[in-house]
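# Fold and geometry: a report
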Amino acid sequence: MSRMLHKFRGTLVGALVGDCLGSHYEGVPYILPWREVTDYTLTKIKDKKEPIPYTDDTAMTRAICKSLTEQKKYDNRSMAQEFVEEFFREPHRGYGAAVGTVFKRLQDENPEDITLPARCQFDGQGSYGNGAAMRISPVALLNARKNALITHAHINGVIGAILQAEAVFKALLLEPPNLDTDKFIDQLIEVAEKLEKDKEASSEKKEDSGHSGIPSHPNKTVSYVKKIKEMKELLSKGDALEPKTVVETFGNGIRAEEAVPAAIFSFLHKGKVSFDESINYAISLGGDTDTIASMAGAISGAYWGVNEVPELWKSKCEGVEEAIEFANKIYELHEQRKETD
Ligand code: R7I
Ligand code: MG
Ligand code: MG
Ligand code: MG
């Protein structure tokens with residue numbers, strides 16, 4: 001089997017197991033002891049008879065896979081339709097509290113511009129939730145910004161999704177044990193700097209013309225660039241690094257600007273060691289554990305490939321087979337594109 005297919009499977013299965021395992025702790029307001037997390041993920045789940053269910057993070061990822069593989073291309077209207085269908089089929093997968101409004105409006109109004117409902121969220125600010133970033137791994141090779149805008153209009157929600165996609169994309173191109181963390185960080189900084197420069201430019205333009213573009217609130221936002229730059233310093237502390245410092249630096253909440261840096265950092269800090277350490281570490285940070293672990297899992301799975309995902313996790317989580325099938329189909333698409341390019 002080709003190494004890249006292996007890595008595509010690792011990406012989707014990695015995102016899935018991170019979601020399933022992390023969901024056990026979603027919302028805990030404190031840092032979890034390492035022992036507690038590994039006791040759960042490596043021991044306690046052995047006794048589970050029922051599959052460990054996936055949450056909205058995976059439900060939306062699957063909707064993206066479905067659209068991509070059925071349309072055989074990136075089509076945002078089809079993406080939106082799959083999100084809506086999936087949401088109304090199983091609304092109780094733990095979706096963010098506000099995103100259901102977007103799906104209802106998409107269904108009831110079928111607006112010509114499908115990003116309209118998302119732009120009306122939160123009094124026109126758009127959602128800064130991590131829900132665009134959490135689902136983005138299958139689009140890592142395609143169009144992350146466009147996909148984010150279906151549900152998340154706030155610039156920080158969008159930048160988070162693009163950076164997460166970028167991290168997955170970069171990890172696909174690396175082979176263990178060759179992970180130069182400084183280089184990985186420098187490349188991400190470059191992308192983040194460009195995105196944040198665009199954000200400033202678009203907000204200046206908005207003030208000038210009074211036109212409503214993508215809502216952006218540069219004064220109220222924390223910079224991704226600043227957070228990514230801090231990763232080097234934290235990584236240099238090695239095992240002496242306290243999880244408390246990590247959470248103080250990045251946050252661990254439902255905002256994309258917290259969860260995305262926390263996930264990327266979990267990969268850089270522990271994903272170098274093994275796939276499972278990056279998942280356990282992401283969960284141990286507390287807060288939005290399913291989403292942070294799912295995003296760390298996508299990056300880490302892209303780096304390691306599916307064989308490095310523990311068999312126990314693959315056997316206990318709901319939807320692993322479907323994730324592998326989707327990975328196969330997206331890989332096929334990827335190969336076809338290479339031929340026609
Ligand atoms: O971002 P989203 O899809 O939620 C994803 C999260 C993940 O943890 C999943 O695992 C699931 O549990 O939910 O959904 P949204 O409803 O768009 O955003 C999530 C939450 O962020 C909202 O319900 C709000 O609490 C908060 N939020 C905001 N609050 C105030 N002002 C997002 N944007 C704003 C805002 O502009
Ligand atoms: Mg969830
Ligand atoms: Mg939830
Ligand atoms: Mg979550």
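The structure under discussion appears in the preceding block.
Described in the following lines is the structure provided in the data block.

Basis of the calculations
Residues numbered from 1 in each chain as written. Chains lettered and ligands numbered in written order. Predicted model: local features only at pLDDT ≥ 70, side-chain atom pairs only at ≥ 80, totals over all residues. Heavy atoms only, no water. Near = heavy atom within 4 Å. Polar contact = N/O pair within 3.5 Å; in protein donor to acceptor, adjacent residues only side chain to side chain. 1 Å grid on protein atoms, 1.4 Å probe; cavity = no way out; pocket = protein on both sides within 12 Å on 5 of 7 lines; lining within 4 Å. Sits in = over half its atoms within 2 Å of the grid points. Helix = DSSP H or I, 4+ residues; strand = E, 2+ residues; numbered from the N terminus. Nonpolar A, V, L, I, M, F, W, Y, C, P; charged D, E, K, R; others polar. Donors = N, O, S within 2.8 Å, 3.2 Å for Na, K, Ca; no water. Buried < 20%, exposed > 50% of the residue type's maximum accessible area, 1.4 Å probe, protein only. Tetrahedral: all angles 85-135°; square planar, octahedral: opposite > 155°, others 65-115°.

## Quick notes on the site of ligand 1
- Every one of the 21 residues lining ligand 1 counts as a neighbour, but Asp57, Ala98, Ser127, His152 and Asp288 are closest to it.
- Measuring from a nitrogen atom of ligand 1, one finds a backbone N or O atom of Tyr128 at 3.0 Å.
- At 2.5 Å from an oxygen atom of ligand 1 is found a side-chain nitrogen or oxygen belonging to Asp288.
- Applying the majority rule of atoms within 2 Å of the grid points places ligand 1 in the largest pocket.
- Breaking the shell around ligand 1 down by element, the ones donating at least two residues are helix H3 (56-71) and helix H14 (289-304).
- Tallied by class, the residues present in the shell around ligand 1 amount to 7 nonpolar, 9 polar and 5 charged.

## Section: the coordination of the magnesium ion (ligand 2)
- Coordination of the magnesium ion (ligand 2) by the protein is provided by Thr55 (OG1), Asp56 (OD), Asp57 (OD) and Asp290 (OD), with metal-donor distances spanning 2.1 to 2.3 Å.
- By relative accessible area, which is 5% here, Asp56 ends up buried.
- Residue Asp290 is classed as buried on the basis of its relative accessible area, which comes to 0%.

## A word on the coordination of the magnesium ion (ligand 4)
- Within the protein, Glu26 (OE), Asp288 (OD), Asp290 (OD) and Thr291 (OG1) serve as the donor atoms for the magnesium ion (ligand 4), at 2.0 to 2.2 Å.
- One can describe the site at the magnesium ion (ligand 4) as octahedral: its 6 donor atoms subtend angles covering 79 to 176° at the metal.
- Binding-site remark: the magnesium ion (ligand 4) is held by donors from one chain whose sequence spacing is E-x261-D-x1-D-T.
- Here the magnesium ion (ligand 4) and the magnesium ion (ligand 2) are spaced 3.7 Å apart, and both take Asp290 as a donor. Each member of the pair, Asp290 together with Thr291, is buried.

## Quick look at unusual backbone geometry
- Pro176 connects to Pro177 through a cis peptide bond whose omega is 5°.
- Summarising the element assignment, Pro177 is placed in the loop between helix H8 (155-172) and helix H9 (181-209).
- The backbone phi angle of Lys72 is positive, close to 60°, even though this residue is not glycine.
- In this structure, Lys72 sits in the loop between H3 and helix H4 (76-89).
- The exposure class assigned to Lys72 is exposed, which follows from its relative accessible area of 55%.
- Positive phi is not limited to glycine here, since Asn110 has a value of about 35°.
- Here Asn110 is to be found in the loop between helix H5 (99-109) and helix H6 (116-124).

Interpretation note: all reported values are geometric properties and have no functional meaning in isolation.
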